[in-house]
Structure formats: C-alpha cells, structure tokens
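These are the residues of each chain, in order.
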Amino acid sequence: MQLGQPSRTALATAYARAYHQIASEPRIFTDPLAVRIAGITPDQLADLETTTYQNDSDMRRRRRLFLAARARFAEDTVADAVAAGTRQVVILGAGLDTFAYRNPHPDVRVYEVDHPDTQQWKRQRLDAAGIELPSSLTFAPVDFESQTLAAGLAAAGFDRSRPAVFVWLGVIMYLTQDTILDTLRFVAGQATPVRLVFDYIYPASASKGEEMDQRTARADLVASIGEPWLSFFTADEIANVLRETGFDRVDDRDAPHLVAGYLGIKPRQGSIVPPHVLCAMRTG
C-alpha cells in the first residue's frame, strides 16, 4: 500500500463482499453491514464489479464466491473455537472486515490489527455509515516498518496466556516469507489451543492456459497499484512450514471445494490452480 493511503486491495475485497449481498447468486456468506461500510450505492457496486481485476464475468463471480466462502470459513472457525472456550479473536489485516461489529459473542474480545492509515480510514467509514464501535472491540494499529505485531497487540491489552483465534485473510501473498514466518511463530506461541485461518496462492508456474494469463494480468494490476504479490506456496510447502513453526493440525481446502461445500454442488475444475484457505491449529 502507498504511504498515507488505505489499502486499495482491501477496498476491492470489501466491494466484492458487498456485491455478494445483492447479486443474483446463491448466498454463501451473509453480512448485513457489508454494503453500508463499502460506502457506495448498490448501483455503484454493480458498476464497479464489472471493472474489478478482469473483464471475464465468470472469473469475477468465482473470485467473489471464494471471498464469501473464505469469510464464512473463518467465522465458522471462530464459532467452533468460541464453543470450545476461546474468548479472544485477532483479525490480522482487518481492512473493512465487519465481524467485530456483528460479533454474536458478547464475552469475546476482538482485536483488529492493521496499518494505522488503513485503520483510520476504516474508522471514518464506520462513522459515515453510522456503525457503532462495540465495547468488545479493540483497535491495534501496527506499522510493521517501526513496530512488531507482538508490541502492537501487547499495547492493545491482548493476553498471550489465553487461547485465541487469529484470522489472516488476503494478506500473506503481499508479505515477504520472512515476515510470514515471524507471524506464524508468533501465533504458534499463543496459549493453546490456538487456531489460525489464512489463505494463500500457488506459484504461477503451477497453472496453465488462458486462465494463467488472466492470473498474470491480475498480478500485474495489483503490482501497478503498489501492492504486489510477493509470496507463494504449494499445499505441501505450506504444510511443511506450519509443522516447522509448531502447528500440529491443518485443514486445507482449495477454492472450488470450499465453495462447492457451502453450495452443495460438485466442485468446478479449471486450468488454474485456485487459491486455498486453511485452518491451522496448535493443540499442545
């Protein structure tokens, strides 16, 4: 992201999540605040949807359904953790995520971690939309150029001695592998049981054909706005990294199977290796 500006990819994700609420497609994820926090009308959302990332409407729809499915997967994971006794949720790179403002668990504290510029922009959006800040929410602004995640969360009152769920969506592909490893080690060091939900993308070389060209075009676009993809993993690679950093359970799902599972249909296959979302746990 550019200095002094909010993340443009965070805004694009928020628009896709909002459009999913009004599109004529099966609803995977319901978010009654998504359109409000987006800050534009449904007609404007529809216009933007036709110009986001690529001109292929089918690709846009698949991307949108995956974003909805990964959000639902994350919130299902949070619900499972809360049912098991966890009372802390950390949203890493929160962007315009609205879970904290819909949090159905009044005794669960939510920590939103993001760059100070993005967080200030979000607070302006919330105010403009008339969305109140719940007492269960704590903002934890972290500028990774000058501060660590550990320091930012400690300053916000986060308790390392209690279990937690970490949600880290749409982030690691923009980070260096050293930063990813540091974050994984930090999360794995939390009191158990600790859960971490995140998504990742395969190297471009794993894909082929026309869809690989479309993926390359998207990668070029995010790079052109100052937010290039930096890190890629295969399923085997990320599983090895998670084991090496201390996690002992991994539930990894690719986009077609994740979406199909929520829709009750057969997974669609393509010539591109789809993004994956997973839940990693350290249980002891």
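For the structure itself, look to the data block above.
Quantities reported herein were computed from a predicted structural model and do not represent experimental measurements.

In this section: helix 1 (residues 8-22). Taking 1.5 Å per residue as the helical rise, helix 1 with its 15 residues ought to reach 21 Å, and the 22 Å between its terminal C-alpha atoms agrees with that figure. A large share of helix 1 lies buried, amounting to 13 of its 15 residues.

Below, the discussion takes up helix 6 (residues 116-129). The terminal C-alpha atoms of helix 6 lie 20 Å apart, and with 14 residues this matches the ideal 20 Å at 1.5 Å per residue to within 8%. Of all the residues in helix 6, the buried ones are T118, Q119, W121, K122, R125, L126 and A129. Summarising the axial view, the buried residues of helix 6 lie within an arc of 160 degrees, below the 170-degree limit, and thus occupy one face. Residues of helix 6 that are exposed and angled more than 90 degrees away from the buried face: D127 and A128. Summarising the contacts, the buried residues of helix 6 are in contact with helix 1, helix 2 (34-38), helix 5 (99-102), strand 2 (109-114) and strand 3 (137-141). Just downstream of helix 6, G130 is the residue with a positive phi angle, here 70 degrees.

Turning next to the packing of helix 1 against helix 3 (residues 42-49). A packed helix pair is summarised by two numbers, namely the angle formed by the two axes and the spacing between the axes. The contact between helix 1 and helix 3 brings their axes to 10 Å, and the two run at 115 degrees. As for the relative orientation of helix 1 and helix 3, their crossing is left-handed in sense. Where helix 1 abuts helix 3, its residues Y15, A16, A18, Y19 and I22 lie against P42, L45, A46, L48 and E49. Looking at the contact of helix 1 with helix 3 residue by residue, the class counts come to 9 nonpolar, no polar and 1 charged.

Rules used throughout
Residues numbered from 1 in each chain as written. Predicted model: local features only at pLDDT ≥ 70, side-chain atom pairs only at ≥ 80, totals over all residues. Heavy atoms only, no water. Helix = DSSP H or I, 4+ residues; strand = E, 2+ residues; numbered from the N terminus. Expected span 1.5 Å × (residues − 1). Buried < 20%, exposed > 50% of the residue type's maximum accessible area, 1.4 Å probe, protein only. Arc of directions from axis to C-beta. Contact = heavy atoms within 4.5 Å. Axes fitted to C-alpha atoms, helices over the stretch in contact; angles between N-to-C directions. Left-handed = near helix turned anticlockwise from the far one by under 90°. Nonpolar A, V, L, I, M, F, W, Y, C, P; charged D, E, K, R; others polar.

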